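Take a look at the letters that make up each chain.
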Amino acid sequence: MSNSLIETLVRPEIRALNAYHVPPATGMVKLDAMENPYAWGAELKTAWLARLQEVDVNRYPDPQGTVVKQGLRAAMDIAPEFDLLLGNGSDEIIQIIIMALARSGAVVLAAEPAFVMYKMIALFAGVKYVGVPLRAEDFSLDGPAMLAAIAAEKPAVVFLAEPNNPTGNKYDRKVVEAIIAATPGLVVMDEAYLPFTDGDSLDLLRHDNVVVMRTVSKLGLAGLRLGLLIGAPAWLHEFDKLRLPYNISVLTQASAAFALEHYGYFLEQAGRIRADRAGLMQALAALPGWTVFPSEANFILTRLPAGQARLVFEALKQEGVLIKCLDGAHPLLQDCLRITVGAPEENARLLAALRDILNLDL
Ligand SMILES: *Cc1c(COP(=O)(O)O)cnc(C)c1O
């Protein structure tokens, strides 16, 4: 294999990247990836497997995902005037949107720290990315800075996650509306963490330049890879042209259709996670010097005393607990850790390990 051929042919910005790193987690308490910790009950599993027996894997899937879309519409109460577009995870929807808008000189803009895929996919598509820092104190939107950046960069698309990852907070509705009004491009409201908060962004669809993106991943179906975009038919008609045919497999379609018939089961699990979040936040806030930021999601962002985050992260890993170390990921995330809310026994193991590591007798 000739390295010089690769250097000549592969774009330098791609060669400079590190592949998306997913740390090994076999046998660990896995609190790093915002997964739902609960397995399906035996009865549900049996009914699901029976359903899968009817799937014709020799056939291509329904290209439109008709049954899944009906299930999503019913479960999420989506008004008939909006269309749905399905993606292989909402990651694929981000990719479709950015590819569609990647005219020469186009800009992707997001408030930072944000979900990393906005920036990564902009880079993959060869589109300029601009990150506007959130306010350092509380990770709220910096309205004047956002409006100034929008005026200067004229973004083709602005991504706003509501609640935001990795900060966990929601944004001031007035500032969001001002951003929508000022943006010459499309505003994507990313509601990946909707199951863990109240209210939603569907009413913002009254603006011509807004679409709403969701996923079933954080609700408890991360393994299926299914995201959805909700918006005006005119937008989705264009985006649908970039969607690869058959992007949602027969197994995902059958499983999602089945799971959506039991939507309440997953909402109940999300409700438990949400209730357990309060206790975990309180316990973490009691650790010496730890700041816990308010969360409307299924994870908690904390800031540790200077220099401790990486040490605590590594020590937890030694104890078999995997969380996410964000120190170094963004200037505003210095000394920060992100912890997914797990099942009660997992949260207890985390706290016991932390007390051990920090030498506390509690
Ligand atoms: C997890 C996450 C996604 C991606 O979800 P998938 O549907 O699993 O691809 C999108 N946006 C945000 C903010 C997320 O945290």
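Residues numbered from 1 in each chain as written. Predicted model: local features only at pLDDT ≥ 70, side-chain atom pairs only at ≥ 80, totals over all residues. Heavy atoms only, no water.

**Focus on the site of the ligand**
Part 1: Taken together, 13 residues form the shell around the ligand, and within it Asp190, Tyr193, Thr215, Ser217 and Lys218 come nearest.
Part 2: Side-chain polar atom of Tyr193 to an oxygen atom of the ligand: 2.6 Å apart, as the coordinates give it.
Part 3: Ser217 places a side-chain nitrogen or oxygen 2.6 Å from an oxygen atom of the ligand.
Part 4: Within the complex, 94% of the 390 Å² of free accessible area of the ligand lies under protein.
Part 5: The set of elements that each furnish at least two residues to the shell around the ligand consists of helix H5 (90-101) and helix H9 (217-221).
Part 6: Its residues placed into classes, the shell around the ligand shows 4 nonpolar, 5 polar and 4 charged. (Near = heavy atom within 4 Å. Polar contact = N/O pair within 3.5 Å; in protein donor to acceptor, adjacent residues only side chain to side chain. Areas by Shrake-Rupley, 256 points an atom, 1.4 Å probe, with all protein chains shown as cover. Helix = DSSP H or I, 4+ residues; strand = E, 2+ residues; numbered from the N terminus. Nonpolar A, V, L, I, M, F, W, Y, C, P; charged D, E, K, R; others polar.)

**As for the domain arrangement of the protein**
Part 1: Per the domain assignment, the segments of the protein are domain 1 (4-41 + 264-358) and domain 2 (59-262).
Part 2: Taking the mean C-alpha position of each, domain 1 and domain 2 sit 23 Å from one another.
Part 3: For the pair domain 1 and domain 2, the summed buried area comes to about 2,600 Å², and 67% of that belongs to carbon and sulfur atoms.
Part 4: When residues of domain 1 are sorted by the area they lose upon contact with domain 2, Phe266, Glu296 and Leu332 head the list and together hold 23% of the total.
Part 5: At the boundary of domain 1 with domain 2, the tally comes to 1 salt bridge.
Part 6: We note a salt bridge from Arg274 to Asp198, for which the minimum N-O separation is 3.0 Å.
Part 7: Elements represented by at least two residues in the side of domain 1 that touches domain 2 include exactly helix H2 (12-15), helix H12 (263-285) and strand E10 (299-303). (Domains from an automatic or database assignment. Buried area = accessible area lost by both parts, 1.4 Å probe. Salt bridge = Lys/Arg side-chain N within 4 Å of Asp/Glu carboxyl O.)

**Examining the sheet that holds E10**
Part 1: Taken together, the 4 strands give an open sheet; going across it, the order is E9-E10-E13-E12, and neighbouring strands pair in antiparallel fashion. Two strands in the sheet have a free side with no partner beyond their single neighbour: strand E9 (291-292) and strand E12 (324-325).
Part 2: Pairing of E12 with strand E13 (residues 336-340) involves 2 bridges; the strand directions are antiparallel. Following the sheet pairing, Lys324 is matched in E13 by Arg338. (Pairing = 2+ DSSP bridges.)

**Quick notes on the sheet that holds strand E8 (residues 227-231)**
Part 1: The sheet built from 7 strands is open, its strands ordered E2-E8-E7-E6-E5-E3-E4 with mixed pairing. Either end of the sheet is taken by a strand with one partner, and the two such strands are strand E2 (83-87) and strand E4 (128-133). Strand after strand, the sheet turns through a mean of 25° between neighbouring axes, direction not considered.
Part 2: As paired elements, E2 and E8 share 5 bridges and run antiparallel to each other. Paired with Leu86 across the strands is Leu228, a residue of E8.
Part 3: In this fold helix H6 (residues 116-124) packs onto strand E3 (107-112), E4, strand E5 (157-161) and strand E6 (186-190), with an angle of close to 160° to the strand it touches most, E3. (Axes fitted to C-alpha atoms, helices over the stretch in contact; angles between N-to-C directions. Contact = heavy atoms within 4.5 Å.)

**Some details on the side chain of Lys218**
Part 1: Summarising the element assignment, Lys218 is placed in helix H9.
Part 2: The side chain of Lys218 is buried and forms no salt bridge, while Asp91, the nearest opposite charge, is found at 7.0 Å.
Part 3: At a separation of 3.3 Å, a polar atom in the side chain of Lys218 contacts the side chain of Tyr193.
Part 4: Sequence-distant contacts of Lys218, defined by excluding residues within four places in its chain, comprise Ala33, Met34, Asn36, Ala192, Tyr193, Phe196 and Asn298. (Buried < 20%, exposed > 50% of the residue type's maximum accessible area, 1.4 Å probe, protein only. Lys, Arg positive; Asp, Glu negative; His and termini not counted.)

**A closer look at the packing of aromatic side chains**
Part 1: Applying the stated criterion across every chain yields a total of 10 aromatic pairs.
Part 2: Ring centres of Phe115 and Tyr118 lie 5.7 Å apart, and the angle between their planes is 80°; on these two criteria the pair is classed as edge-to-face.
Part 3: Given the relative accessible area of 0%, Tyr118 is considered buried.
Part 4: Geometrically, the ring pair formed by Trp235 and Phe239 is stacked, given 5.8 Å between the ring centres and 15° between the ring planes. With Trp235 and Phe239 both in helix H10 (residues 233-240) and 4 residues apart, this pair spans about one turn of that helix.
Part 5: The class of Trp235 is partly exposed, set by a relative accessible area of 25%.
Part 6: You can call Phe239 buried: its relative accessible area is 1%.
Part 7: The ring of Tyr38 is capped by Arg272, whose NZ or CZ atom sits 4.4 Å from the centre of that ring.
Part 8: For Arg338, the ring lying beneath its charged end belongs to Phe299, and the centroid distance is 5.9 Å. (Phe/Tyr/Trp six-rings, centres within 6.5 Å; stacked < 30°, edge-to-face > 60°. Lys NZ or Arg CZ within 6 Å of the ring centre and 35° of its normal.)

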